[in-house]
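Observations on the three-dimensional arrangement
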Amino acid sequence: MHIPDGFIAPQMYLPLYGLAAGLWAYGAKRVARDLDEATLPWLASLTAASFALSFIALPLPGGTSAHVTGVGLLAASFGIWNAFMAASMVFAIQALLFGDGGVTTLPLNALAMGFAGALAARGLFLAVRPFHAGLALFLAGWIGLFLPALLIALALGAQPLIAHDAAGAPLYFPFGWSVTLPALLIPHALLGLGEGALTVLGGRLIERLRLRYGND
Amino acid sequence: MIERGKLAAYLAALLTASWLTAPSWLAAGLGAVLVLCGLEAGRLLRRALLATAAFSGTVSLAYAAYAWWQFHTLPLDWLLTANLRVLLMALLTFLFIARVNLFQALAFSRRLSFLLVLAVSQSLGLRRTLAEFRLGLQSRSPRPAGIKARYRAAAHAAAWLLDRALANAHESAQAMQSRGMFK
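Residues numbered from 1 in each chain as written. Chains lettered and ligands numbered in written order. Predicted model: local features only at pLDDT ≥ 70, side-chain atom pairs only at ≥ 80, totals over all residues.

**Some words on the overall build of chain A**
- For chain A, the helix and strand inventory stands at 7 helices and 2 strands.
- When the elements of chain A are put in sequence order from the N terminus, they spell out α-α-β-β-α-α-α-α-α.
- Here chain A, with 216 residues, has 56% of them falling under the buried criterion.
- Expressed as a percentage of contacts within chain A between residues at least 6 apart in sequence, the contacts between residues at least 24 apart total 71%. (Helix = DSSP H or I, 4+ residues; strand = E, 2+ residues; numbered from the N terminus. Buried ≥ 20, exposed ≤ 12 C-beta atoms within 10 Å, placed from the backbone. Contact = placed C-beta atoms within 7 Å.)

Here is the structure:
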């Protein structure tokens, strides 16, 4: 979801920037620690792949389509911190080079999709994989889309509470949770099924590629 | 140095605009940014409108309908304030994109510059290949491809992207190493 600048109050996005900055600093250290000197090109390549993933259309019944986030697939295949750092870079590139999304909404997107989405996807993937690998990938894809939708719905719905005028009228995003939660959660619960299916197919192909390269 | 100053000015202007809640100040800010855009004002304004229209339009229409249904009145203050603010911030961003070289603005950090250059150059290449994949699927399908075929194609594209990312990372690391980047 690309929320433009102007709908999130500074009272929310400034603290979120502080939180995201801490996680970016820690994430950079983690990625550097887990990898070797090739960290920088690795992160760049994963960012490019993550950026390009968002251009893949997810087919929906009726001939329509939605776009993939790929967070579940990235987290399941490459871990939380790689997914978080790559997704954050993608949001920054989209906002500052293409004007897609916003600079003030960047920390919300990075924390909801890149961090919480990746954390939940990786956790669920690791928990379910011993029992059923396919189901683990599916759940990683689904939760990687659904949980960020829930967090973004909560953040948007909180705007009228944290930023309103003397008469109580909203100054930024106008709708409360009674509107944002069903408006975002119902479609994303269904879209998550498509993202889950794609994560199963994509994850299996990646495993096959890894086996192939491992045998070479 | 100049590009860094422009980046700082853009971020300061964006922060200021996000605090504004009076339509008169927002309109004045929009006017000032349009003057700064100069001859490109029309083009940049059009881009800003197109980039924000879907989200802003949906929220504005829904809120106007909700207010009319509940109170038989239109929230004109909110509609004006929110839409002016969104437009001003989007226009600032498109002016920044048009006038500032982001790669130079981030040149204060060698690693950040390399990361951005590598990521953006690879992103554009991967995006082009994805478009070719899409056209390939269309050309292979005499009739519009079914949902199963499109899923399979999307999954292959996703796996190919990640596979390509692994290969790109390896090649870039070798290229950078051979040029003494990691010493």
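After presenting the structure, the write-up continues.
**Observations regarding the overall build of chain B**
- Looking only at helices and strands, chain B has 7 helices and 0 strands in total.
- For chain B, the sequential pattern of α-helices and β-strands runs α-α-α-α-α-α-α.
- Excluding contacts between residues fewer than 6 apart, the proportion of contacts in chain B whose partners are at least 24 apart in sequence is 70%.

**Some remarks on the interface of chain B and chain A**
- If you look at the interface, chain B gives 52 residues, while chain A gives 51 residues.
- Those elements giving two or more residues to the side of chain B that touches chain A turn out to be α1 (2–19), α3 (41–71), α4 (76–99), α6 (110–140) and α7 (147–178) of chain B.
- Considered class by class, the residues forming the side of chain B that touches chain A number 35 nonpolar, 10 polar and 7 charged. (Nonpolar A, V, L, I, M, F, W, Y, C, P; charged D, E, K, R; others polar.)

**Topic: the domain arrangement of chain B**
- For chain B, the assigned domains are domain 1 (2–104) and domain 2 (109–178).
- A separation of 33 Å is found between the C-alpha centroids of domain 1 of chain B and domain 2 of chain B. (Domains from an automatic or database assignment.)

**A few points about the confidence of the model for chain B**
- Put simply, chain B has an average pLDDT of 87, and 98% of its residues get 70 or more.
- As scored by the predictor, the complex reaches a pTM of 0.85 and an ipTM of 0.84. (pLDDT = per-residue confidence, 0-100.)

**Observations concerning the nonpolar core**
- Judged by nonpolar contacts, the single largest core of 124 residues is most densely connected at A83, A121 and A140 of chain A together with L88, L91, A158 and L161 of chain B.
- Here the element with the most residues in this core is helix α6 (residues 133–162) of chain A; it accounts for 16 residues.
- Composition of this core by domain shows at least three residues from each of domain 1 (2–104) and domain 2 (109–178) of chain B.
- Aside from chain neighbours lying at most four places away, what touches A121 of chain A is V71, G72, A75, A76, A140, I143 and G144 of chain A. (Core = buried A, V, L, I, M, F, W, Y, C linked by C-beta atoms within 7 Å.)

**Topic: the environment of A86 of chain A**
Residues and elements named next belong to chain A.
- With respect to the helices and strands, the residue A86 is situated in helix α4 (residues 80–98).
- Assessed through the 30 C-beta atoms surrounding it within 10 Å, A86 is described here as buried.
- For the pair A86 and F173, spaced 87 residues apart in sequence, the C-alpha separation works out to 28 Å.
- Excluding anything up to four places from it in sequence, A86 contacts L43, L46, T47, S50 and L74.

**Some remarks on the packing of helix α3 (residues 71–78) of chain A against α4 of chain A**
Residues and elements named next belong to chain A.
- Where α3 meets α4, the axes come as close as 7 Å, and the angle between the chain directions of the two elements is 140 degrees. Relative to α4, the element α3 is oriented oblique. Like other packed secondary-structure pairs, α3 and α4 cross with a definite hand, here right-handed. Facing V71, L74, A75 and F78 of α3, the residues of α4 in contact are I80, N82, A83, A86 and A87.
- Residue composition of the contact of α3 with α4, grouped by class: 8 nonpolar, 1 polar and no charged. (Axes fitted to C-alpha atoms, helices over the stretch in contact; angles between N-to-C directions. Parallel < 35°, antiparallel > 145°, perpendicular 65-115°, else oblique. Left-handed = near helix turned anticlockwise from the far one by under 90°.)

**Notes on helix α5 (residues 106–128) of chain A**
All names here are of chain A.
- The terminal C-alpha atoms of α5 lie 31 Å apart, and with 23 residues this matches the ideal 33 Å at 1.5 Å per residue to within 8%.
- Of all bends in α5, the biggest is about 30 degrees, found at G117.
- Of all 23 residues in α5, 18 are buried; the element is thus mostly enclosed. (Expected span 1.5 Å × (residues − 1). Bend = angle between axes of the 7 residues up to and from the residue.)

**Brief notes about the packing of α3 of chain A against α6 of chain A**
Residues and elements named next belong to chain A.
- The geometry of α3 relative to α6 is characterised by a closest axis approach of 7 Å and an angle of 130 degrees between their N-to-C directions. With respect to their mutual orientation, α3 and α6 come out oblique. By crossing handedness, the relation of α3 to α6 is classed as right-handed. Here α3 contributes V71, G72, L73, A75 and A76 to the contact with α6, which in turn contributes L137, A140, G141, I143, G144 and L145.
- In terms of residue class, the contact of α3 with α6 is made up of 8 nonpolar, 3 polar and no charged.

**Some remarks on the environment of G136 of chain B**
- Here G136 of chain B is to be found in helix α6.
- Along the backbone, G136 of chain B and L116 of chain B are 20 residues apart, and their C-alpha atoms lie at a distance of 30 Å.

**Section: unusual backbone geometry**
- The phi angle at H72 of chain B is positive, at roughly 55 degrees, despite the residue not being glycine.
- Note on placement: H72 of chain B falls in the loop between α3 and α4.

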